[in-house]
Amino acid sequence: NREGCEMKKFKFKLQAVLNERKRVEDQRLADWTLGRRLLQDMIDHLARLEAGLAAAITRGTELADSRASSNAGMFGAIDQFISGQKIRITWKQREIERGSKLVERARLDYVKARQKREALEKVKEARFTEFKEKVRSIELKTLDDLYIMNGAARRRMQMEDEEEAG
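All figures in this text were calculated on a predicted structure; none of them were measured in a lab. (Residues numbered from 1 in each chain as written. Predicted model: local features only at pLDDT ≥ 70, side-chain atom pairs only at ≥ 80, totals over all residues. Heavy atoms only, no water.)

A. Expanded view of the overall build of the protein. A count of helices and strands for the protein gives three helices and zero strands. Beginning at the N terminus, the succession of helices and strands in the protein can be written as α-α-α. Seen through its C-alpha atoms, the protein measures out along the principal axes to roughly 140 × 25 × 15 Å. Counting across all 166 residues of the protein, residues that qualify as buried make up 19%. Summing over all exposed atoms, the protein offers an accessible surface of approximately 13,000 Å²; the carbon and sulfur share of this is 55%. (Helix = DSSP H or I, 4+ residues; strand = E, 2+ residues; numbered from the N terminus. Buried < 20%, exposed > 50% of the residue type's maximum accessible area, 1.4 Å probe, protein only. Areas by Shrake-Rupley, 256 points an atom, 1.4 Å probe, with all protein chains shown as cover.)

Following this line, the structure appears as structure tokens:
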């Protein structure tokens, strides 16, 4: 019996599919990670824009309090900067909203890819368990056959010894 002499190694027939699912999962994770990093960069930029706005408002308030006529041109420039900064902040907030939706979609794509891979991993584990049980069964059958052959050989030798003695 060839199975008894040489055990086959476990080979998962869907390993290529599993490898592809792992590759897709890794790509989805990379996409999600990149998206989160870019989104964080946008959030950091928004914080800098808001800090610039707050500083400009503070500077404008200081100029207004000084009531110096020479500050009128500077006050106008600060007022224009504040208006422009508010527009930039609004644009950045909209960009962050769109980016957040894209990052969430990337996260869901990653979760879906991971679930597909994990499902196939479970199939592989189940098939490996079946394989180990089959191997164990073959090993036990082989041992039983050996014990039977050994017992038969002993009985034959015992009978031969009895014939010679008798």
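Picking up where we left off.
B. Region of interest: the packing of aromatic side chains. Under the definition given, this model contains four aromatic pairs. Ring geometry for F10 versus F131: centroids 5.5 Å apart, planes at 55°, classification tilted. Pair noted here: F10 is in the loop between helix 1 (2–5) and helix 2 (15–66) and F131 is in helix 3 (residues 72–165), with a separation of 121 residues, a long-range link. Overall, the relative accessible area of 23% leaves F131 in the partly exposed class. Consider the rings of F128 and F131, whose centres lie 6.4 Å apart with planes at 20°: the pair is stacked. Taken together, the residues F128 and F131, both in helix 3 and three residues apart, mark about one turn of the helix. Given the relative accessible area of 34%, F128 is considered partly exposed. (Phe/Tyr/Trp six-rings, centres within 6.5 Å; stacked < 30°, edge-to-face > 60°.)

C. Highlighting the side chain of Q85. On the secondary structure map, Q85 appears in helix 3. Judged by relative accessible area, Q85 falls into the buried class, the value being 5%. Excluding anything up to four places from it in sequence, Q85 contacts R48, L49, G52 and L53. (Contact = heavy atoms within 4.5 Å.)

D. Spotlight on a nonpolar patch on the surface. Together, L140, L143, L146, Y147 and M149 line one region of the surface with nonpolar side chains, adding up to about 510 Å² of accessible area. With respect to the helices and strands, L140 occurs in helix 3. Among the residues examined, L140 registers a relative accessible area of 38% and is labelled partly exposed. (Patch = residues over 30% accessible without salt bridge, like charges linked within 9 Å, V, L, I, M, F, W, Y side chains within 5 Å. Salt bridge = Lys/Arg side-chain N within 4 Å of Asp/Glu carboxyl O.)

E. Examining the environment of F10 more closely. The exposure class assigned to F10 is partly exposed, which follows from its relative accessible area of 26%. Sequence spacing of F10 and F128 is 118 residues, and the spatial spacing of their C-alpha atoms is 6.9 Å. With residues near it in sequence (within four places) discarded, F10 still touches K124, R127, F128 and F131.

F. Representation of helix 2 in the model. Relative to the 76 Å expected for 52 residues at 1.5 Å per residue, helix 2 spans 76 Å between its end C-alpha atoms, a close match to the ideal helical length. Those residues of helix 2 that fall on the buried side of the exposure criterion are L18, E25, W32, G35, L39, M42, L46, L49, L53, A56, G60 and L63. Looking at the packing, one finds that the buried side of helix 2 touches helix 3. (Expected span 1.5 Å × (residues − 1).)

G. Fine view of the pattern of salt bridges. Under the counting rule described, the total for this entry stands at ten salt bridges. R59 serves as the salt-bridge partner of E62, at 3.7 Å between the closest nitrogen and oxygen. Here E62 pairs with R59, and both are found in helix 2, just three residues apart, close to one helical turn. A relative accessible area of 44% means that E62 is categorised as partly exposed. The shortest N-O distance in the salt bridge between R136 and E139 comes to 3.8 Å.

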